[in-house]
Each structure stands twice: as C-alpha cells, then as structure tokens.
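Descriptive structure summary
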Amino acid sequence: MPRIEVPENLYRQIEDEANGDDFNDTLWKMVGSYRRTNNPEADQT
C-alpha cells in the first residue's frame, strides 16, 4: 500500500474529526465529502 504523508496540522484535524472512531473510515468520509463538493459530476457515473 502506498504511503501518504500529510502535514501535522492536517493529521490533527483528521484525528479531531474522527473523535475516537476509526481513523481510516473518517479519512475516507472526508475524501468523499470533498469529492462531492468539488467534483459532483464524478458521482454520476
């Protein structure tokens, strides 16, 4: 699996958003939300 490095402040933001839940699940939810907001056509295929 590729390794993705993120700045410390972004990592802390993801941890805060996870609020004790699974970190990876929270990250994927954030990515999905960003994608829908910034590229809604991508979800219409």
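Within each chain, residue numbers correspond to sequence positions counted from 1 in written order. Totals for whole chains, interfaces and linings use all residues, but because this is a predicted model, local features are given only for residues with pLDDT of at least 70 and pairs of side-chain atoms are given and counted only at 80 or more. The basis for every side-chain value is the complete set of heavy atoms in the structure, and neither hydrogens nor water enter the calculation.

1. Overview of the environment of P40
To qualify as a helix, a DSSP run of H or I must reach at least 4 residues; to qualify as a strand, a run of E must reach at least 2; elements of each kind are numbered from the N terminus. Inspection of the secondary structure assignment puts P40 in the segment after α2 (23-38). Residues P40 and N9, spaced 31 residues apart in sequence, show a C-alpha to C-alpha distance of 27 Å.

2. Thoughts on the side chain of T26
With respect to the helices and strands, the residue T26 is situated in helix α2. Partly exposed describes any residue whose relative accessible area lies between the buried limit of under 20% and the exposed limit of over 50%, with all areas from a 1.4 Å probe on protein chains only and scaled to the type maximum. Relative accessible area serves as the criterion here: at 9%, T26 is assigned to the buried category. Here a residue-residue contact requires only that any non-hydrogen atoms of the pair lie within 4.5 Å. Discounting residues that sit within four places of it in the chain, T26 has contacts with I14, E17, A18 and D21.

3. Remarks on the pattern of salt bridges
Salt bridge, as used here, is a side-chain nitrogen of Lys or Arg placed within 4 Å of a carboxyl oxygen of Asp or Glu. Applying the stated criterion across every chain, the model contains three salt bridges. E8 is the partner of R12 in a salt bridge, and the nearest nitrogen-oxygen pair spans 2.6 Å. Separated by four residues within a single helix, R12 and E8 lie in helix α1 (residues 8-18), roughly one turn from each other. E15 is the salt-bridge partner of R12, the closest N and O atoms lying 2.7 Å from each other. With a gap of three residues between them, R12 and E15 both fall in helix α1, about one helical turn apart. Taking relative accessible area as the criterion, R12 reaches 40% and is therefore assigned partly exposed. A network of salt bridges, in which partner residues are shared, links E8, R12 and E15.

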